[in-house]
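One-letter residues, chain by chain:
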Amino acid sequence: MTLMKTAIDYWFTIEPYVFVGITKKKILLYNTLDGVTIESDKDEVIKLLLETLQEENCGVVLLTNERYKQKDINSFICELREKFMGDVIDIALSKGKPVQLLPYFNFSDKHEIYKRHNFSLLKNVLEKLSEISIHVDDTTNITKLIPFLLSIQGSPTFNIIGNIGKVTYYSELLSYFDQHSSPKNILCSYKNVIALQPTYENNFSYRISVHFPIDMQQWNISRQVLLNQTLPVEYVFDVSSDEDSQQVEQLVEQYQIEKYRLNPIYTGDNIRFFEENVFLTKEDILSTSMTIKDFFTRQAMNIYDFGKINIMPNGDAYANLNHPALGNIFTDGIYEIVHKEVEAGKSWFRIRNQAPCNDCVYQWLCPPPSNYEIAIGRPNLCHVSK
Ligand code: SF4
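Keep in mind that what you see is a predicted model, and the values were worked out from it rather than measured. (Residues numbered from 1 in each chain as written. Predicted model: local features only at pLDDT ≥ 70, side-chain atom pairs only at ≥ 80, totals over all residues. Heavy atoms only, no water.)

Engineer: Lay out the packing of aromatic side chains in plain terms, naming residues and giving numbers.
Structural biologist: Here the distance between the centres and the angle between the planes together describe a pair of aromatic rings. Summed over all chains, the structure comprises 18 aromatic pairs. Taking 3.8 Å as the distance between ring centres and 5° as the angle between the ring planes, the aromatic pair formed by phenylalanine 19 and phenylalanine 295 counts as stacked. Taken together, the residues span a long stretch of sequence, with phenylalanine 19 in strand S2 (residues 18–22) and phenylalanine 295 in helix H12 (residues 292–300) at a distance of 276 residues. Of the residues examined, phenylalanine 19 reaches a relative accessible area of 9% and is grouped as buried. Look at tyrosine 266 and phenylalanine 274: their rings are 5.7 Å apart centre to centre, the planes differ by 90°, and that puts the pair in the edge-to-face class. (Phe/Tyr/Trp six-rings, centres within 6.5 Å; stacked < 30°, edge-to-face > 60°. Helix = DSSP H or I, 4+ residues; strand = E, 2+ residues; numbered from the N terminus. Buried < 20%, exposed > 50% of the residue type's maximum accessible area, 1.4 Å probe, protein only.)

Dropping the structure here:
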């Protein structure tokens, strides 16, 4: 008597800590525990993953023996198992279909996010106001501005941007902030630095912007003002060319600048500089360490803009200065301004969902669109897709 060998069928499953990016032509699996990835452009593999990710399949599909033996599927599963990103289970060893909870994120409507998290949208978003940037100049009206600031709850970071020395009664504004424990950043050009100490001490810091060419006389004056106090200082160097970057290196060394960063500036004719220094390569993208929560966040909101409001000297309020105003603080409350952004704004929820990114497996691995995309007029600043 010959023994008939029964073909074994399997349950195919992906681990819940694996994020899957999928398009019609390619898949990417990203292991959020160690950053290891698998990519495949094989039709059979893409089909298998598409089935696995269907919500009704809950991350588990039946894999017939015949399908398991298919060359592309078999080598994909070997790699998947080697990298601890998924498994196949003999169906005979399981009483029914195993349960797997994949980290789905399929909210087509941003308000759905809030509903699912079961909280009152506006109340919570108001609590999430993380940064208020107040742009000042000689037209800033302190007596109208301070009552608005008093209406803001919590302890968001306040950025005071511009030549504060030009603001009439600016010391009243600084005294107001000095009574608050919130972090306060004075953002100004090195040409407009004012001394804060010894009068104001409470949680102030400087962010000094530097644009080339430098006026060395002004630079030396500002260095002296800053050296005479102990408040934290960060330099932000505007760079639009390699020459600018080299100048930054020299300045940093010569003046022993400890904290600084480069702020690439698009001038309209330096796209090559951006291609070489700002555009992402596949290696840059894959070297980003991501958690499952990071993937969710990138699908829900723009981390550059979310929770932030800008107020201009005339009272106009923006989530992002590149998008329409949300209201005016002299006529609208913070509640109305935030409500407008949540309901109809273009900034807090601007995510990477446009072509070509919406057909790219790195869609949610890439950072959200920044102001550079707007300035350059391209939805993607990468070397992956032209
Ligand atoms: S920027 Fe867009 S096209 Fe480029 S790699 Fe990222 S998601 Fe893909």
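Engineer: For the sheet that holds strand S5 (residues 60–63), give the residues involved together with the corresponding values.
Structural biologist: Strands sit in the order S5-S1-S6 across an open sheet of 3 strands; the sheet is antiparallel. Each edge of the open sheet is held by one strand with a lone partner, namely S5 and strand S6 (86–90). The mean inter-strand angle of the sheet, taken between neighbouring strand axes irrespective of direction, is 25°. Across 4 bridges, strand S1 (residues 10–14) lies against S5 in antiparallel orientation. In the sheet register, threonine 13 faces S5, and the bridge partner there is valine 60. Contacting S1 and S5, helix H1 (residues 43–53) crosses the sheet at an angle of about 135° to S5. Sheet strands in contact with helix H3 (residues 71–82) are S1, S5 and S6, and its direction is about 110° off that of S6. (Pairing = 2+ DSSP bridges. Axes fitted to C-alpha atoms, helices over the stretch in contact; angles between N-to-C directions. Contact = heavy atoms within 4.5 Å.)

Engineer: Go over the pairing of S2 with me, naming the residues and quoting the values.
Structural biologist: Among the 5 residues that make up S2, 4 are buried, leaving the element largely enclosed by the rest of the structure. Taken together, the 5 bridges between S2 and strand S3 (residues 27–31) define a ladder with antiparallel strand orientation. Bridge assignment links valine 18 to a residue of S3, and that residue is asparagine 31. Where S2 folds back on S3, the antiparallel hairpin that results is connected by 4 residues.

Engineer: Please give an account of the packing of helix H6 (residues 142–150) against helix H7 (residues 170–178) that cites residues and values.
Structural biologist: At a minimum axis distance of 10 Å, the contact between H6 and H7 shows a crossing angle of 15°. As the angle between them shows, H6 and H7 are arranged roughly parallel. As H6 packs across H7, the resulting crossing turns out to be right-handed. Counted together, Ile142, Leu145, Ile146, Leu149 and Leu150 of H6 and Glu172, Leu173, Tyr176 and Phe177 of H7 form the full contact between these two elements. For the contact of H6 with H7, the residue count by class is 8 nonpolar, no polar and 1 charged. (Parallel < 35°, antiparallel > 145°, perpendicular 65-115°, else oblique. Left-handed = near helix turned anticlockwise from the far one by under 90°. Nonpolar A, V, L, I, M, F, W, Y, C, P; charged D, E, K, R; others polar.)

Engineer: Describe the packing of H1 against H3, and please don't skip the residues or the numbers.
Structural biologist: Interhelical geometry of H1 versus H3 gives an angle of 65° and a closest axis separation of 8 Å. The crossing of H1 and H3 is right-handed. In this structure, H1 uses Glu44, Val45, Leu48 and Leu49 to contact H3, whose residues at the interface are Asp72, Ile73 and Phe76. Partitioned by chemical class, the residues of the contact of H1 with H3 number 5 nonpolar, no polar and 2 charged.

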